[in-house]
Each structure stands twice: as C-alpha cells, then as structure tokens.
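What follows is the residue order along each chain.
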Amino acid sequence: RSSGINAEYGNGRGFARTKLFRHKHEIETGRTSSVGNDILGFDSTGSIVNQEDTHNSQDWKKICSQSSKVITFIDLAGHEKYLKTTIFGMTGHIPDFGMLMIGANAGIIGMTKEHLGLSLALGVPVFVVVTKIDMCPPNVLEETMKLLVKILKSPGCRKIPLLVSSQDDVIVSATNFSSERICPIFQISNVTGQNMELLKAFLNLLSVKNAYREGDTVEFQIDDTYSVPGVGTVISGTCMRGSITINDTLLMGPNSLGEFKTIVIKSIHRKRLPVKEVRAGQSASFALKKIKRADVRKGMVLVSSHANPKAIWEFEAEIRVLHHPTTISVRYQAMVHSGSIRQTASIVTMSVQHMRTGDKAICRFRFIKNPEYIKDGHRMVFREGRTKAVGNILRVFPDAPPPSRGPKRDKMKPIYPGRRRRVKSFNDRLETEAK
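This report concerns the structure included in the present document. (Residues numbered from 1 in each chain as written. Predicted model: local features only at pLDDT ≥ 70, side-chain atom pairs only at ≥ 80, totals over all residues. Heavy atoms only, no water.)

### Considering the pattern of salt bridges
Now for step 1: All chains considered together, the criterion is met by 11 salt bridges.
Now for step 2: Lys-200 is the salt-bridge partner of Glu-197, the closest N and O atoms lying 3.9 Å from each other. With Glu-197 and Lys-200 both in helix H7 (residues 196-205), this residue pair falls 3 residues apart, about one helical turn.
Now for step 3: Here Arg-364 ties to Glu-314 by a salt bridge, and the two come within 2.6 Å at their closest N and O atoms. Placement of Arg-364 in strand E19 (residues 360-367) and of Glu-314 in strand E16 (residues 314-323) is noted, with a sequence separation of 50 residues between them.
Now for step 4: For Arg-364, a relative accessible area of 24% translates into the label partly exposed.
Now for step 5: By relative accessible area, Glu-314 is classed as buried at 9%.
Now for step 6: Shared partners join several salt bridges into a network, and the residues in it are Glu-314, Arg-364 and Arg-366. (Salt bridge = Lys/Arg side-chain N within 4 Å of Asp/Glu carboxyl O. Helix = DSSP H or I, 4+ residues; strand = E, 2+ residues; numbered from the N terminus. Buried < 20%, exposed > 50% of the residue type's maximum accessible area, 1.4 Å probe, protein only.)

### A word on the environment of Gly-215
Now for step 1: When you line up the elements, Gly-215 lands in the loop between H7 and strand E7 (219-228).
Now for step 2: Given the relative accessible area of 40%, Gly-215 is considered partly exposed.
Now for step 3: Put simply, Gly-215 and Arg-279 are 64 residues apart on the chain and 9.9 Å apart in space, counted from C-alpha to C-alpha.
Now for step 4: What Gly-215 contacts, discounting residues up to four positions off in sequence, is Gly-242 and Ser-243. (Contact = heavy atoms within 4.5 Å.)

### Quick look at the sheet that holds strand E5 (residues 160-163)
Now for step 1: Taken in spatial order, the 4 strands make up an open sheet running E3-E4-E6-E5, and their pairing is parallel. Across the chains shown, the open sheet's two edge strands, defined by having one partner strand only, are strand E3 (98-103) and E5. This sheet shows a mean twist of 25° between the axes of neighbouring strands, independent of strand direction.
Now for step 2: For strand E4 (residues 126-131) and strand E6 (residues 182-187), the ladder comprises 3 bridges, and the chain directions are parallel. Across the sheet, the residue bridging to Val-129 is Phe-186, located in E6.
Now for step 3: Most of the contacts of helix H5 (residues 138-153) go to E6, to which it runs at about 170°, and overall it touches E3, E4, E5 and E6. (Pairing = 2+ DSSP bridges. Axes fitted to C-alpha atoms, helices over the stretch in contact; angles between N-to-C directions.)

### Thoughts on unusual backbone geometry
Now for step 1: In this model, Gly-253 is joined to Pro-254 through a cis peptide bond whose omega is 0°.
Now for step 2: Tracing the backbone shows Pro-254 in the loop between strand E10 (249-253) and strand E11 (261-270).
Now for step 3: Residues other than glycine seldom take positive phi values, yet Lys-271 does so here, at roughly 55°.

In structure tokens:
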C-alpha cells in the first residue's frame, strides 16, 4: 500500500512499493532499509507526466524532458532498526519538505512521533498523509485523527492542523505551508485512488524552501559513493554553494590525516541524465578521475582549490537533550549527524556539570575517528540508542591537534611474553583422561 505516485495505483498487497525498493530483503520483508529515490514530473498544465512502470533511466530522461517541474521523493526507513539511516537521509539529503505517512488502521506508533520530532528539530516543514482509509473502520479512523490533531497542537509541536478535503484547502495550505505553522493532513487510499488528486495538486503547488548561495566558492557534500564498472569511482551528493562543471579541479577531503586531495570531475549526472553543470541547491553524481573508492567516504566535501579548507577535530555546539534515560556528563560518546557527516564524537567540556532530559548546555565535542569539514551555524543531531539531542554548531577549532595514538602492537607477539599458556592438543587431552 505504498503511495502510488504514477498513473497506476497499488493493489493493497505491496505492489507499488516494490518498484522503490533497492534490495532483495526489502521486497521480502516489506521494510525500507536504505535511502531510495524516485521522481514525479508535472507539465505546464499541472498534469502528471509519469506513466505506468516508469522506474528506469530511460523513463527518468523522458519525464525530465516533458516536465516543467520535477519533484524528487527520498524514501526513508520507518522501522526503528533503521533510524540511523533515516536521520542520515534527513540531514544529508537536505529535503525541502517532509511527508509523514500514517496507516489509518495502525494509528500513531512510537516511530511516528520520533520522525515528527526529528523533522521539527531540523526545521523541515511536515505534512501528514493518512493512508489505507478504504480498509479502515470509521471509528478507528476517527480515533487516529483525534490523536494526530492532539499531537500536532501539543506544546512541543505548536502546529495548526488543516484537513484538506477540497481544491480550495489545497491552495490555502500550499500557500501558507512555508511558514512552518500549518500542517496539512490528507486522507488517501492508494488502492481506490480516493483524494489522490488533492495530494498531487498540493505537490504541484509547492515551491522550493531552502535558499542556496551562488558564488565563486564551491561546496559539495558527499552522501554516497559507488564503483561503476567501466567508469570508476562515482560520488553523489548536494551542491551547497557555487557551480561545478565538467573538468573542474577541486579539493576533496578531509581524509583520516586531515588532508584534502586534488581531484578532477570526469562527468556529471543529474536525475540519471548527463549534464554539463550543477548549481547550488541541486543534487548530482560525479565520476572522478584516478581516484579509488577506498579513498572516498560519506561526509567528505568537494571545495574550491582557493578556499583553503580546514579539517576540524573539535567544535562547540549548543544542544538540548530531547530524551536520555539517565544523565549526560563529560566523556559521554554518541553519534553526531550534521549534513552528510555521521561519526561518533565525545564530549570534552560542558557548561554545566550534568545534563538530563530537557536540559540545554554548551558543549565542546571531539570526533573519535576522522576529522570533518564543518562550519559554525550548521544544525546537528546527537544520538545514541534512545538518547536524542539537537542543537546548532557555534564555532569550530581548526587548531585542535589530532588525538595521540600509541604505537601499534605486533599481534603475533604476546602481551606478557613469559606467561604464554600452552594450549593442550586433542591427543594431550586423551592421554590425560586415560591416566
């Protein structure tokens, strides 16, 4: 019953969602475990360009050529087991809007609140789509809607819920949606197609929220890497500043030593189509010349050679703890998500002695494994298990030294040379038992 955005609706048994899945185990379990992508094209009259079974490169080319507006859907995981992937998709792919899917019969579960809270923390405007209304009893649907409205109006959300039931509601909600106060709610069925036209009209009216800066300095954050036969190493991500063209020479890094390597852009693809240039705010993939995939990782950036980038080991951030079962103090370690960066960091100093749920403090963090390219003003999520904290990076410390690592020990050499215990062989044990 996943959302049928094409001309073809689902069959109620997961037919539509199989076209979005990337792995075999996702089709078998029905759970998204990775970040998937699909596009929806609108022509100048507001009609959908997508045809049935449009899910390969040739169809993307046709959709883009016939469309005056293209929306990219980023399919994220809903199961708690893949929360790390979902947070990475929210921070690394920089979505303009969030579409929160709720099953009318299942109602609002724990992960629904988790994903809503994540969207609010990252400042992503959210609209809600309640699905499966064709098979849900009216009393269950009513209870689900009551609880949803109660959560949206709660002090933590402070949203104005608006149930969209007509074209006038679509225009009002789409016009005022960027204010982040209004939260449109759609009730749809992916089997019968009920109210799908309202949702499509709403998507067509949405405008870009994020503002990106054009200029001389290039900044491109890498969120995935591939090795393509016959092509070589390919990276994908989002251009945050400037513009990139084929044969541009840029700096890529930082690596584990905090260095930036010079690379050359061999080719550029956007929406699976070859292009000559990528501008700020657009996502794309690049083929790189003479670079091994092992030398690239998620969280790296491409920057202009004249930018003089710095690798950062330590930074200071103001964070608020959304949930933690006990107390957080100095030397506490958890995963930091900021843009496409995803790495464990340790708290070096805090402005308070301890932090509990709801507390706010200024903390100094230190990355554990690699230095990263981060700047002040970036938003961050700090999590570990059920622990969640959000905040803003206030300043970075480019002069902080890398951690001192002791000399590597020879694995074949024992720690205590004179105390190696002889391991009994099978024959020795038989002799001992015989005695």
